[in-house]
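Here are the chains, one letter per residue:
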Amino acid sequence: MRTLRAIGSAGGAAKAARAVADFGFDAAIDYTAGDVAGQLGTLAPEGIDVYIDLVGGEHLEAALGALRRNGRVAIVGAISGYNATGPVRGPANFYRTLPRRLSLRGMIVSDHADRTSEYVERATGWLADGSLRAENTVVEGLENAPAAFLSLFRGANTGKLLVRLGG
Ligand SMILES: NC(=O)c1ccc[n+]([C@@H]2O[C@H](COP(=O)([O-])OP(=O)(O)OC[C@H]3O[C@@H](n4cnc5c(N)ncnc54)[C@H](OP(=O)(O)O)[C@@H]3O)[C@@H](O)[C@H]2O)c1
């Protein structure tokens, strides 16, 4: 039986190291170092079974190249394209969905709103017992919200980026 592993992706060597040391990933890509597909191939030479896509673009293309037969993709976000000023190119290897028999499905959190209280209860327990670790980057003041929002696209935050409204 294969050992299951989780591979993350973060911007910068320090964040990638923290993904492993502090947040429970078995390995992590530093996407700012380039060649995401090559890095993924090194970390998962036998391929991957599941990809949770928050990024789109090069990450999705790398995942489609690495997914094994009957692999699954949850399409959750596409942040790499949000600031594009022109059309965003789709993955050049989309055809791999056919020979690999891949399944791609969009996921919107509000579709599961009826389970919010269940999630809050369970996640509260995970946070309390340390099995789920979270970190926030907090920016003070509504007047700094636009700059904080733009900083998301530079990866200036670690964890969830929050704006605290003036008290
Ligand atoms: N489907 C849904 O219901 C749903 C709900 C909420 C959010 N989302 C989506 O989920 C994703 C994450 O949202 P979030 O609110 O959780 O944001 P977040 O935790 O603040 O994460 C944003 C992170 O995206 C990374 N990033 C930015 N530009 C990137 C790029 N070009 N390539 C690779 N990574 C990049 C940066 O990571 P580093 O700091 O490591 O560089 C940044 O910190 C977004 O795509 C968002 O639209 C989906």
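Our structure is the block above this text.
Residues numbered from 1 in each chain as written. Predicted model: local features only at pLDDT ≥ 70, side-chain atom pairs only at ≥ 80, totals over all residues. Heavy atoms only, no water.

Brief notes about the side chain of S151
Then step 1. Mapping S151 onto the fold places it in helix α5 (residues 145–151).
Then step 2. Note on S151: relative accessible area 7%, which makes it buried.
Then step 3. Look past the residues within four positions of S151 in its chain and what remains in contact with it is A156, N157 and L161. (Helix = DSSP H or I, 4+ residues; strand = E, 2+ residues; numbered from the N terminus. Buried < 20%, exposed > 50% of the residue type's maximum accessible area, 1.4 Å probe, protein only. Contact = heavy atoms within 4.5 Å.)

Re the sheet that holds strand β4 (residues 67–75)
Then step 1. Spatially, β3-β4-β5 is the arrangement adopted by the three strands of the open sheet, whose pairing is parallel. Two strands close off the open sheet at either side, each with one partner strand: β3 (48–53) and β5 (103–106). Adjacent strand axes in the sheet meet at a mean angle of 10°, parallel and antiparallel pairs treated alike.
Then step 2. As paired elements, β4 and β5 share four bridges and run parallel to each other. (Pairing = 2+ DSSP bridges. Axes fitted to C-alpha atoms, helices over the stretch in contact; angles between N-to-C directions.)

Concerning the environment of A66
Then step 1. As for its position among the elements, A66 is in helix α3 (residues 57–66).
Then step 2. With a relative accessible area of 16%, A66 lands in the buried category.
Then step 3. With 26 residues separating them along the chain, A66 and L40 place their C-alpha atoms 7.7 Å apart.

Topic: the nonpolar core
Then step 1. Membership of the largest hydrophobic core comes to 14 residues, with the highest contact counts inside it found for L40, I48, Y51, L60, L64, L67 and V73.
Then step 2. Sorting the residues of this core by element identifies α2 (36–43), β3, α3 and β4 as the ones contributing at least two each.
Then step 3. Among the elements that take part in this core, α3 stands out by supplying five residues, more than any other.
Then step 4. When neighbours within four sequence positions are excluded, L64 is seen to be in contact with P91, N93, F94, R96, T97, R100 and L102. (Core = buried A, V, L, I, M, F, W, Y, C linked by side-chain atoms within 4.5 Å.)

Some remarks on the pairing of strand β6 (residues 136–140)
Then step 1. As judged from the five bridges shared by β6 and strand β7 (residues 160–164), these two strands associate in the parallel manner. The residue of β7 that forms the bridge with E140 is R164.
Then step 2. For the handedness criterion, the β-α-β arrangement of β6, α5 and β7 is classed as right-handed. (Right-handed = clockwise from strand over helix to strand, strands pointing away.)

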